[in-house]
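The primary structure of each chain is shown beneath.
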Amino acid sequence: MGEDCLRTVSEPVTAIDDDIRALIGEMFDTMKKENGVGLAAPQVGKNIRIFIALVHNQKYVFINPQIIETSQETCVMEEGCLSIPKIYDYVTRPAAVKIQFLDADGKRCTMEADGLLARVIQHENDHLNGVLFIDRLDPEKKEELVK
Ligand code: ZN
């Protein structure tokens, strides 16, 4: 799992074929093994625009996602990342988002989310753009953590 992959802007999915479905299955296995609530394809070495979530026992697949609206209201939540072990910190983000995406069947969907799901969506969507949650901390704090 290269550091480079985590810092690359991922490419859109062009066709939801057997390879993509297999990848999504593997991603769910990996996420469950690590007790995660979300996982993005770049975290398993694939720079393509897919992430998954498991929130309140509900599975979500987001393909070619686009966050089209974010709330003015923000909230602070503690975040961690399977790709940055043992680092946890509080991150401020919009409390709610509206997202457009394709589901695992290729159906175009729009969803509004708040609470933990909104948080996971924003964290994982950042991965598709080569952004990590530590980038959202103030620079001093980030330096201290990365040391
Ligand atoms: Zn992460």
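Below you will find a few notes about this structure. All values reported here derive from a predicted model rather than from experimental measurement.

Procedures and definitions
- Residues numbered from 1 in each chain as written.
- Predicted model: local features only at pLDDT ≥ 70, side-chain atom pairs only at ≥ 80, totals over all residues.
- Heavy atoms only, no water.
- Donors = N, O, S within 2.8 Å, 3.2 Å for Na, K, Ca; no water.
- Helix = DSSP H or I, 4+ residues; strand = E, 2+ residues; numbered from the N terminus.
- Buried < 20%, exposed > 50% of the residue type's maximum accessible area, 1.4 Å probe, protein only.
- Polar contact = N/O pair within 3.5 Å; in protein donor to acceptor, adjacent residues only side chain to side chain.
- Contact = heavy atoms within 4.5 Å.
- Patch = residues over 30% accessible without salt bridge, like charges linked within 9 Å, V, L, I, M, F, W, Y side chains within 5 Å.
- Areas by Shrake-Rupley, 256 points an atom, 1.4 Å probe, with all protein chains shown as cover.
- Salt bridge = Lys/Arg side-chain N within 4 Å of Asp/Glu carboxyl O.
- Lys, Arg positive; Asp, Glu negative; His and termini not counted.
- Charge placed at Lys NZ, Arg CZ, Asp CG, Glu CD.
- Phe/Tyr/Trp six-rings, centres within 6.5 Å; stacked < 30°, edge-to-face > 60°.
- Lys NZ or Arg CZ within 6 Å of the ring centre and 35° of its normal.

**Observations regarding the coordination of the zinc ion**
The expected angle between donors at a tetrahedral four-coordinate metal is 109.5 degrees. At an octahedral six-coordinate metal it is 90 or 180 degrees.
Now for step 1: All of the protein donors around the zinc ion are C81 (SG), H123 (NE2) and H127 (NE2); their distances to the metal are 2.0 to 2.2 Å.
Now for step 2: Mapping the donors of the zinc ion onto the primary sequence gives the spacing C-x41-H-x3-H. Of the two residues, C81 sits in strand β4 (residues 74-81) while H123 sits in helix α3 (residues 115-128), which places them 42 residues apart along the sequence. The same class applies to C81 and to H123, which are both buried.

**Description of the side chain of E79**
Now for step 1: Following the sequence through the fold, E79 ends up in strand β4.
Now for step 2: A polar atom in the side chain of E79 sits 2.8 Å from the side chain of H123.
Now for step 3: Once residues within four sequence positions are removed from consideration, E79 is found in contact with I87, Y88, D89, V91, R93, R119, H123 and F133.

**Topic: a negative patch on the surface**
Now for step 1: Together, D138, E140, E143 and E144 line one region of the surface with negative charge.
Now for step 2: If you trace the backbone, D138 turns up in the loop between α3 and α4 (139-146).

**Remarks on the packing of aromatic side chains**
Now for step 1: Inspection of every chain in the model, using the stated rule, returns three aromatic pairs.
Now for step 2: Ring geometry for Y60 against F62: centres 6.1 Å apart, planes inclined by 20°, an arrangement best described as stacked. No difference in accessibility class separates Y60 from F62, as the two residues are buried.
Now for step 3: Clustering of aromatic rings is evident, with ring pairs tying together F51, Y60, F62 and F101.
Now for step 4: One cation-aromatic arrangement involves K59 over F28; the distance from NZ or CZ to the ring centre is 4.8 Å.

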